[in-house]
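So the chains spell out like this:
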Amino acid sequence: MALWSGRFEGGPAAAFQRFSESLGVDLMMFEEDVAGSMAHATMLGEVGLLSETEVKTLIDGLAQVRSELREGTYTPGIELEDVHMAVESRLIDIVGPVGGKLHTARSRNDQVATDVRLWMLSNLRILDEALAGLIDALCTRIEQDGRTLIPGFTHLQRGQPIWLGHHLLAYCWMLHRDRSRVRDCMTRMDLSPLGAGAMAGTPHPIDRKRSAELMGFAGVVENAMDAVAARDHLQEAASLCAICVTHLSRMAEELVLWSTPEFKIVRMGEAYATGSSIMPQKRNPDAAELVRGKAGRVYGDLQALLTMVKGLPLAYNRDLQEDRHSLFDAMGTTIACVEMMQGMWSTLSVYTERYTEVLKGDFLLATELADYLAAKGVPFRDAHHVSGSLVKWCEDRGGNFSLLTLEVLQEHHSAFEADAFDWLELEAAVERRVSHGGTAWSEVVRQVALLRA
Ligand code: ARG
């Protein structure tokens, strides 16, 4: 008999029971459900709705249910529908009718909202720490190999020479903002819905702030209807996950590209690479590909959470039970992707000399020639044009800037002097870009220090 079966004569169809249960996903938050029940019982005792002995009986009983669930000696059947009824009905089995007093001044509607918020707070904390770990691994990588010359790309065409550290820092800042989104989301997550009841509050003299405090929440949701009906805090969490995996997916794509012989910037560590069942030479970047692929799953989760709530009349509707599949998947997948990225970055190696010869005289230095002339007072637009015609001159002769002589330079513009060749030195070109946030090593070091602090 379900705990709500008073007005029913028969039971639900077996097929409907299977269709409506949420135990499978709910059991992931039994710790939170028990914690919420303990706080509720304690608060009911403090306001005089339960005697001291009743509170003790309930708390001891709940502790027993919790250890049975932890140890797997209690495996609730689907007729119990969800984690709330699984915990409560086992409690009543253990402590008898007094167990029925626990549900005074609460409803499953505020319980589920509470449990999910508690679960999310712990998992957002885990995500935040995972992100900090990844940023840390990237900073370590920058300190180790950051002064490796690579082409900076636009349109995936060589653009300007940069340090690898400059490139990796771009990701560090994206991940840093992901962390701030996580913490911002936590401030809205950190409010207790418990005591909202079904939607209208309760006639009993409860103290919602006290139960919130006992659960470790920073405050309470102000409106009982909002408390049970709102899911924007969950959509927000899924959104930040979606944004975060977008960053990871871009990075994953670069690891895939960079580990090809064509780019050859990194070599994946064995711990994060796979072989092929037919091609013996393979060392595939599957971990990176999976991160890229799983990003799509997280977008789907966000989409599901948005669509599920759209058009729902207030307050609680059973549709909302579907939220955890998407939400838990989004959180779990995002955390796993961050951890994989950290693993990959900590174990790969960098081909530090790969581009030092290859880029000598490369046209990615064309901006340097323009900047050289601009520094001599030539309007940048004209300087750009001159540099472009020097590219064409070299290209027409089947070479690159290595063909240039002072005479050729001066034929193209009288402002050129011998020091122009200094501007074509790769390392000097990178090191000249000392503007705030530029690729110069001093700027890389400055940013790493900021991130580490
Ligand atoms: N299992 C339900 C859920 O996950 C709990 C709330 C049920 N409330 C109700 N009125 N049927 O959303």
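Scroll up for the structure.
Peer 1: I keep staring at the site of the ligand and nothing clicks. Help me out?
Peer 2: Inspection of the region around the ligand gives Ser22, Asp82, His84, Arg108, Asn109, Val112, Tyr316, Gln321 and Arg324 as its neighbouring residues. Between aspartate 82 and the ligand, the recorded distance is 2.8 Å, taken from a side-chain N or O atom to a nitrogen atom. Tyrosine 316 is positioned with one of its side-chain polar atoms (N or O) 2.5 Å from an oxygen atom of the ligand. Burial of the ligand by the surrounding chains reaches 86%, relative to a free accessible area of 340 Å². Ranked by the residues each element gives to the shell around the ligand, the list is headed by helix 6 (residues 108-145), at three residues. In terms of residue class, the shell around the ligand is built from two nonpolar, four polar and three charged.

Peer 1: Could you clarify how one ought to interpret the pairing of strand 2 (residues 157-163) in this entry?
Peer 2: Residues in a regular strand project their side chains so that they alternate between the two faces of the sheet. Across six bridges, strand 1 (residues 149-154) lies against strand 2 in antiparallel orientation. Residue isoleucine 150 lies in a different strand from strand 2, and its bridge partner there is isoleucine 162.

Peer 1: Explain the layout of surface pockets here, please?
Peer 2: Empty space left among the atoms is revealed by rolling a probe the size of a water molecule over them. Estimates place the volume of the largest pocket at around 250 Å³. As for the largest pocket, its lining consists of 16 residues, and the residues nearest its centre are Ala2, Trp4, Pro12, Gln17 and Glu81. Per element, the largest residue contribution to the lining of the largest pocket is three residues, and it comes from helix 1 (residues 14-20). Considering only residue class, the lining of the largest pocket consists of seven nonpolar, five polar and four charged.

Peer 1: Sorry if this is basic, but what is going on with the packing of helix 11 (residues 286-309) against helix 12 (residues 323-347) here?
Peer 2: What describes two packed helices is the angle between their axes and the distance between those same axes. Contact geometry of helix 11 with helix 12 gives a least axis separation of 9 Å together with a crossing angle of 155°. Classified by the angle their axes make, helix 11 and helix 12 are roughly antiparallel. For helix 11 against helix 12, the interelement crossing comes out left-handed. Along the contact surface, helix 11 presents Ala287, Ala288, Val291, Lys294, Arg297, Val298, Asp301, Ala304, Leu305 and Met308, while helix 12 presents Asp323, Ser326, Leu327, Asp329, Ala330, Thr333, Thr334, Cys337, Met340, Met341 and Met344. In the contact of helix 11 with helix 12, the residues fall into 13 nonpolar, three polar and five charged.

Peer 1: Would you mind showing me how to read the packing of aromatic side chains here?
Peer 2: Aromatic ring pairs are described here by two measures, namely the spacing of the ring centres and the angle between the planes. All told, the structure shown has five aromatic pairs when counted by the stated rule. Seen in terms of ring centroids, tyrosine 372 and phenylalanine 416 are 5.6 Å apart; in terms of plane orientation they differ by 5°. Their pairing is stacked. Taken together, the positions of tyrosine 372 in helix 14 (residues 366-375) and phenylalanine 416 in the loop between helix 16 (406-412) and helix 17 (426-431) put the pair 44 residues apart, joining distant regions of the chain. Just as tyrosine 372 is buried, phenylalanine 416 falls in that class too. Joined through ring pairs, the aromatic side chains of Tyr372, Phe416 and Trp423 make up one cluster.

Peer 1: Teacher, can you tell me more about the side chain of serine 387 here?
Peer 2: Note that serine 387 resides in helix 15 (residues 380-396). By relative accessible area, serine 387 is classed as buried at 2%. Setting aside its immediate chain neighbours within four residues, serine 387 contacts Ala366, Leu369 and Ala370.

Peer 1: Is there a simple way to explain empty space enclosed by the protein in this structure?
Peer 2: For the coordinates displayed, the defined rule picks out one cavity of 30 Å³ or more. Here the largest cavity defines a volume of roughly 30 Å³. In this structure, the largest cavity is lined by Asp33, Gly36, Ser37, His40, Arg106, Gln111, Asp115 and Leu194. For the lining of the largest cavity, the secondary-structure elements that each account for two or more residues are helix 3 (30-46) and helix 6. By residue number, the principal contributor to the lining of the largest cavity is helix 3, which donates four residues. Class assignment for the residues of the lining of the largest cavity results in one nonpolar, four polar and three charged.

Rules of the game
- Residues numbered from 1 in each chain as written.
- Predicted model: local features only at pLDDT ≥ 70, side-chain atom pairs only at ≥ 80, totals over all residues.
- Heavy atoms only, no water.
- Near = heavy atom within 4 Å.
- Polar contact = N/O pair within 3.5 Å; in protein donor to acceptor, adjacent residues only side chain to side chain.
- Areas by Shrake-Rupley, 256 points an atom, 1.4 Å probe, with all protein chains shown as cover.
- Helix = DSSP H or I, 4+ residues; strand = E, 2+ residues; numbered from the N terminus.
- Nonpolar A, V, L, I, M, F, W, Y, C, P; charged D, E, K, R; others polar.
- Pairing = 2+ DSSP bridges.
- 1 Å grid on protein atoms, 1.4 Å probe; cavity = no way out; pocket = protein on both sides within 12 Å on 5 of 7 lines; lining within 4 Å.
- Points joined across faces, edges and corners; volume = space filled by probe spheres on them.
- Axes fitted to C-alpha atoms, helices over the stretch in contact; angles between N-to-C directions.
- Parallel < 35°, antiparallel > 145°, perpendicular 65-115°, else oblique.
- Left-handed = near helix turned anticlockwise from the far one by under 90°.
- Contact = heavy atoms within 4.5 Å.
- Phe/Tyr/Trp six-rings, centres within 6.5 Å; stacked < 30°, edge-to-face > 60°.
- Buried < 20%, exposed > 50% of the residue type's maximum accessible area, 1.4 Å probe, protein only.

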